[in-house]
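Residues per chain are reported as follows:
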Amino acid sequence: MADTALVLGGGGLTAYAWQVGMLAGLADAGLDLGGADVLAGTSAGSLLAVELAAGAAPADLYEVQVARKRAMMEVDFTFFMTVKYLWAALGSRDPATVVKRLGRLSLNVRDVTEADLFDAIRPQLPVQDWPKRPVRLFAVDALTGEPTGFSADSGVDLVTAMSATCALPPLFPPITIGAGRWMDGGVRSTTNADLAHDSRRVVVLAPIPDVPGATQSAFDQVASLEAGGTRAALLVPDRAARRAFGRKPLDASRIPGAAQAGLRQAAEYAEEVRAVWHG
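Model, not experiment: these values are computed from the prediction.

Caption draft 1: Structural context of the UniProt feature "active site" (unreviewed entry) in the protein chain. Cross-referencing UniProt, the feature "active site" (unreviewed entry) maps to S43 and D184 in the present numbering. Considering the C-alpha atoms alone, the annotated residues occupy 142 residues of sequence yet fold into one spot, their largest mutual distance being 6.1 Å. Tracing the backbone through its elements, the reader meets S43 in the loop between β2 (38-42) and α2 (44-53). Its relative accessible area of 12% is what places S43 among the buried residues. If near-sequence neighbours (up to four positions away) are discounted, S43 is found in contact with G10, T165, C166 and D184. Considering the arrangement of structural elements, one finds D184 in strand β6 (residues 180-184). D184 sits in the buried class, given a relative accessible area of 4%.

This is how it looks when you write it as structure tokens:
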């Protein structure tokens with residue numbers, strides 16, 4: 001069992017930026033969460049997990065976000081795609097059924113190939129091989145609905161695993177790994193925090209802690225961790241941060257404001273995080 005785990009949620013460019021700001025602010029308060037025994041992520045949070053595992057300092061990542069020194073992957077999630085996603089996500093009150101509906105949506109993507117996603121993901125990664133530090137990238141099998149955390153021990157290369165955790169339907173097709181077809185872990189949960197149950201102390205950053213429909217919220221997942229004996233802290237955006245995000249998670253113009261909102265909020269969470277991390 002690992003001692004500490006940092007779980008980083010998905011939610012697009014603004015989610016990534018807010019988490020970078022939060023981690024930079026916590027580091028200023030003497031809390032280096034990037035030193036966790038396990039770094040786990042979903043979608044955009046997976047990229048941040050890999051960067052931290054590869055040795056990136058939150059302060060440096062924050063400067064890049066605020067100054068827009070790095071071109072993040074920008075994609076066009078159209079209104080029609082949104083309608084298709086919501087139709088699948090809101091079509092049942094059963095979480096397992098929702099994941100299966102989204103799996104079918106994923107498997108029906110035809111105009112983008114797996115290779116296209118590999119080409120888009122590869123330049124975003126700070127390294128092309130798994131970092132030596134433990135990393136888990138959460139994805140869901142579109143065929144079965146089962147989640148997993150890909151790691152260096154999974155027998156899959158980093159680019160493929162990262163592509164799987166970012167394969168959001170109906171924008172991208174699922175990624176073939178073994179007998180499975182793997183899609184964005186965010187179709188199951190924006191954090192998949194419950195999959196960190198094998199750690200004693202967990203801090204969860206959830207830029208989007210809850211979504212409409214039957215998907216389990218980050219609040220519920222953290223509660224389940226605590227019920228199992230794990231000490232956990234859940235960090236979520238406040239109202240001002242949500243305004244900074246805007247309505248489009250992939251709007252690159254919102255990146256600096258989202259990062260600054262995370263930095264500001266870190267002071268509010270510092271003592272709660274300290275109690276879990278060092279208590």
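Having seen the model, we can carry on.
Caption draft 2: Region of interest: the nonpolar core. With 82 residues, the main nonpolar core has L6, L26, F150, V203, L205 and L235 as its most contacted residues. Tallying contributions element by element places helix α10 (residues 255-277) first for this core, with 10 residues. In this structure, L235 is in contact with W18, M22, L26, V203, V204, L205, A206, Y269 and V273, ignoring residues within four places of it in sequence. Formed by 12 residues, the second largest nonpolar core is a distinct cluster that contains A89, V98, L102 and V140.

Caption draft 3: Layout of the pairing of strand β4 (residues 147-150). Bridge count between strand β3 (residues 135-141) and β4: 4 bridges; the pairing is antiparallel. Counterpart to V140 in the pairing with β4 is P147. Two successive antiparallel strands, β3 and β4, enclose a turn made up of 5 residues, where G145 displays a positive phi of approximately 85°.

Caption draft 4: Broad picture of the environment of L143. Summarising the element assignment, L143 is placed in the loop between β3 and β4. A residue is classified by how much of its surface remains accessible, and L143, at 49% relative accessible area, is partly exposed. Measuring from C-alpha to C-alpha, the distance between L143 and K84 comes to 19 Å, with 59 residues separating the pair along the chain. Each residue touching L143, except ones within four places of it in the same chain, is listed here: L107, A179, G180 and R181.

Caption draft 5: Fine view of the pattern of salt bridges. A complete count under the given rule lists 8 salt bridges for this structure. Where E114 meets R181, a salt bridge forms, and the shortest distance between an N and an O atom there is 3.7 Å. In this pair, E114 is assigned in helix α6 (residues 114-121) and R181 in strand β6, connecting sequence segments 67 residues apart. In this structure R181 comes out as partly exposed when scored by relative accessible area, which is 24%. Of the charged contacts in the structure, one is a salt bridge between D194 and R188, with a shortest N-O distance of 2.6 Å. This pair shows no difference in class: D194 is buried, exactly as R188 is. Counted as one network, the salt bridges with shared partners bring together D238, R264 and E268.

Caption draft 6: Quick peek at the packing of aromatic side chains. Applying the stated rule across the entire model yields 1 aromatic pair. Arranged with centres 5.2 Å apart and planes meeting at 80°, the rings of F150 and W182 form a pair that is edge-to-face. In this pair, F150 sits in strand β4 while W182 sits in strand β6, placing the two residues 32 residues apart along the sequence. Taken as a pair, F150 and W182 share a single burial class, namely buried. Here R101 stacks its cationic end above the ring of W87, 4.3 Å away from the centre of that ring.

The rules behind each value
- Counting starts from 1 at the beginning of each chain's written sequence and moves along it residue by residue.
- Predicted model: local features are reported for residues with pLDDT of at least 70 only, side-chain atom pairs are reported and counted for 80 or more only, and whole-chain, interface and lining totals are derived from all residues.
- Calculation of side-chain values draws on the structure's entire complement of heavy atoms; hydrogens and water are dropped beforehand.
- UniProt positions are given in the numbering used here, feature names are shortened, and annotations may be inferred rather than shown by experiment.
- Strands are runs of DSSP state E lasting at least 2 residues, helices are runs of H or I lasting at least 4, and numbering of each runs from the N terminus.
- Throughout this description, buried means an accessible area under 20% of the type-specific maximum (1.4 Å probe, protein chains only), exposed means over 50%, and partly exposed covers the range between.
- Here, residues are in contact when the closest pair of their heavy atoms is within 4.5 Å.
- Residues belong to a common nonpolar core when they are buried Ala, Val, Leu, Ile, Met, Phe, Trp, Tyr or Cys residues joined through side-chain atoms within 4.5 Å.
- Note on pairing: two strands pair once DSSP finds at least 2 bridges between them.
- Salt bridge, as applied in this entry: a Lys or Arg side-chain nitrogen positioned within 4 Å of an Asp or Glu carboxyl oxygen.
- Side-chain rings of Phe, Tyr and Trp (the six-membered ring for Trp) are treated as a pair once their centres are within 6.5 Å; stacked means planes under 30 degrees apart, edge-to-face means over 60, and tilted covers the remaining angles.
- Counting as a charge over the ring demands two things of the Lys NZ or Arg CZ atom: a distance within 6 Å of the ring centre and an angle within 35 degrees of the ring normal.

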